[in-house]
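If you want the building blocks of each chain, they are given just below.
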Amino acid sequence: MQEYFDLPPLAIASGRGGWLTDTEGRTYLDGNASVWTNVHGHNDPDLNAALQRQLERVAHSTMLGLTHPVGAELAAELSGLAPAGLERVFFSDNGAGAVEVALKMSFQYWQLAGRPEKRGVIGMQGGYHGDTFGAMAAGDSGFFHDRFRPWCFPAAHFPAPQCREHGGRVRSSDATESLQALRALLSDQGEKTPCLILEPSVQGAAGMRLQPPGFVREVAALCRAHGVHLILDEVFVAFGRLGSLVVCKEEGVTPDFLCLAKGLTGGYLPLSATLAREEIFSAFLGTYESRRAFFHGHTFTGNPLAAAVALENIRKLRLLVAEGTLRDRILCFGRLLDETFSKHPHVREIRQRGLAAAIDLSVEGRDGRPARPEQTVETSGADGRASRPSLPRIGLQVCLRAREHGLLLRPLGDSLLLVPPLCLDEDELGQLVHRTVTAIDDIL
C-alpha cells in the first residue's frame, strides 16, 4: 500500500470515447477499460441519454415486494441473450455478489431437495470470482486471498487446461490432464458436491489464461453426469469482450447458473445478475412457514438507472456484433499484437482472445542476455550461486512509463494486461499497441 502513497497520484477529471483526461489536462488512452467494464467509451451520448430519461422517471425503487418496468424489461432481455432454459434473473450489485448468489442458491437448492450432504464446491486452479468470502473460497487466486483461507468454506480445485492463442490462431492446447483430474474429483466427491464454478474461455485475473475450444462443453457434460450444478462466471468475458454477448451460448452450453456484471452497464453503474434455471427457481417456492425462500438481497437490487443504461448498452452491442464491427476490431487487435510482439526480444508469450490480451515480459532477451545490465539486480540462491538477473516489478515499471506516453495499463506481476474499451477504432488500437511497445522498450 505504500506504493499508492509514494507514486504520483493520477486524478481523472473527464473522459470521452476511449480516452480519459486528468485534472492537469493530460489525456490518456484507456487500455484497461476502467477495470474491464467500459464498452462503448466514456461519456457515450446514447448511454447518457438513456440514463437521463430514466432519471426523469425514478432513480431508485426497491424490488423487495415491488417491481418496475425497466428492471422487468432487462430481466427479459438477459434471459433472451442467454441459452434457452435460463429464465429466472436475480439482480445484485457486482460480480462477486452475483457469484455469492449462485453459490448460495445451489447450496440451498440441494437442502430443499433433501440432499444436505452436498456441501463442498469445486473450482478451477487460477480461478478468480471476487473478494467476498464465498467467491474467495470457490476461487484459487494465490496470494490475493490466501490469508483468508481459515475463514473460507472447503473447496477443491482441478488443474486448468493449457491453451496458447493470439491473432485468431490456437498455437497449442491440451486439456487432457485437466479433464482427467476433474473426472477423478467428481467420481470421488460428486455425491457431496453441490456445484462447480469456472470462468469460461478466459480466466482474466489469472493473466488471460485461455481454455481450448470445446473445453467448457466437456466440463458441462461431466457435471450433468454427476448431478453437480455448473456455475459459469461470465463477469469478465460477456458483453462483447470475446466477440459475443454471452460466451456460453456460443459454446453451446446451458449452465445451471450464469453470473453477469462488469460490461453489463457499459461501465456506467454497478449492476450484476445471476440467471438460473426454472427448476431451480421452482424449488424455492412455498409458504412463509416452509422457510424455502431465498433470504438474500441488496439495497440497490435492480436499480432503475443501471437497468436503463444496461438496456441501451445491450442494444448498441447487438448492432456492433450484427454489423461485424466488433469482429473486425478483434481481428485488427490480434493482427497488431502478432506483428508487434511475436518476435519481440523481451516478450515470452502472448495470449489473446477477443479484445483481451496478456503480454508476458522477460528481462532476459532471446539471446539469454539481460536487458540494460546496469539496471539488473543480482540475488543469491540457496546454494550461494547468483540467480538470474532481474528487474524489480518490471510490469509496474512499464505501466508507469506508459503513462508518460499517454496510456493507462494494468500490470499483473511481470505481465501486461491489455483490455481496451470495445469502441476503439483501428487507429486507436494501433496507438494502444504502439504506446505499449514503446514503454516496454524504454524499460527493457
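Before reading on, note that the structure itself is shown above.
Residues numbered from 1 in each chain as written. Predicted model: local features only at pLDDT ≥ 70, side-chain atom pairs only at ≥ 80, totals over all residues. Heavy atoms only, no water.

Novice: Lay out the environment of Asn-32 in plain terms, naming residues and giving numbers.
Specialist: Along the chain, Asn-32 turns up in the loop between strand E3 (27-30) and helix H2 (33-36). Between the alpha carbons of Asn-32 and Arg-410 there is a distance of 6.4 Å; along the sequence they are 378 residues apart. Filtering out sequence-adjacent residues up to four positions away, Asn-32 remains in contact with Leu-408, Arg-410 and Val-419. (Helix = DSSP H or I, 4+ residues; strand = E, 2+ residues; numbered from the N terminus. Contact = heavy atoms within 4.5 Å.)

Novice: Before we move on, can you summarise the nonpolar core with the specific residues and values?
Specialist: Residues Leu-78 and Leu-196 are the most contacted members of the largest nonpolar core, which totals 84 residues. Those residues in contact with Leu-196 that lie beyond four places of it in its chain are Ile-122, Phe-158, Leu-182, Val-219, Cys-223, Val-228, His-229, Leu-230 and Ile-231. In this structure, Ala-138, Phe-257, Cys-259 and Phe-284 belong to the second largest nonpolar core, which totals 24 residues. (Core = buried A, V, L, I, M, F, W, Y, C linked by side-chain atoms within 4.5 Å. Buried < 20%, exposed > 50% of the residue type's maximum accessible area, 1.4 Å probe, protein only.)

Novice: Now, about the layout of surface pockets: what can you tell me, with residues and values included?
Specialist: Considered as a void within the structure, the largest pocket measures approximately 1600 Å³ in volume. Along its surface, the largest pocket is lined by 40 residues, and Tyr-4, Phe-144, Arg-410, Pro-411 and Leu-412 are the ones closest to its centre. At the level of elements, helix H1 (2-6), H2, helix H5 (95-112), helix H13 (394-404) and strand E18 (410-412) are the ones that each hand at least two residues to the lining of the largest pocket. Take the lining of the largest pocket: its biggest share by element is five residues, from H13. (1 Å grid on protein atoms, 1.4 Å probe; cavity = no way out; pocket = protein on both sides within 12 Å on 5 of 7 lines; lining within 4 Å. Points joined across faces, edges and corners; volume = space filled by probe spheres on them.)

Novice: So, the packing of aromatic side chains: which residues are in play, and what are the values?
Specialist: On inspection of all chains with the given rule, the structure shows eight aromatic pairs. Judged by centre distance (6.1 Å) and plane angle (90°), the ring pair of Phe-133 and Phe-148 falls under edge-to-face. With Phe-133 in helix H6 (residues 133-138) and Phe-148 in the loop between H6 and strand E6 (155-158), the pair connects residues that are 15 residues apart, well separated along the chain. For Phe-133, a relative accessible area of 35% corresponds to the partly exposed category. (Phe/Tyr/Trp six-rings, centres within 6.5 Å; stacked < 30°, edge-to-face > 60°.)

Novice: Any details on the pattern of salt bridges? Residues and values, ideally.
Specialist: On inspection of all chains with the given rule, the structure shows 21 salt bridges. The salt bridge involving Asp-22 is made with Arg-26; its shortest N-O contact spans 3.0 Å. According to the relative accessible area criterion, Asp-22 is buried, its value standing at 4%. Using a relative accessible area of 44% as the deciding quantity, one classes Arg-26 as partly exposed. A salt bridge links Glu-404 to Arg-401; the shortest N-O distance between them is 3.6 Å. Placement of both Glu-404 and Arg-401 in helix H13 is noted, with a separation of three residues, approximately one turn of the helix. For Arg-401, a relative accessible area of 26% puts it in the partly exposed group. Where salt bridges share partners, they join Arg-164, Glu-349, Arg-351 and Asp-360 into one cluster. (Salt bridge = Lys/Arg side-chain N within 4 Å of Asp/Glu carboxyl O.)

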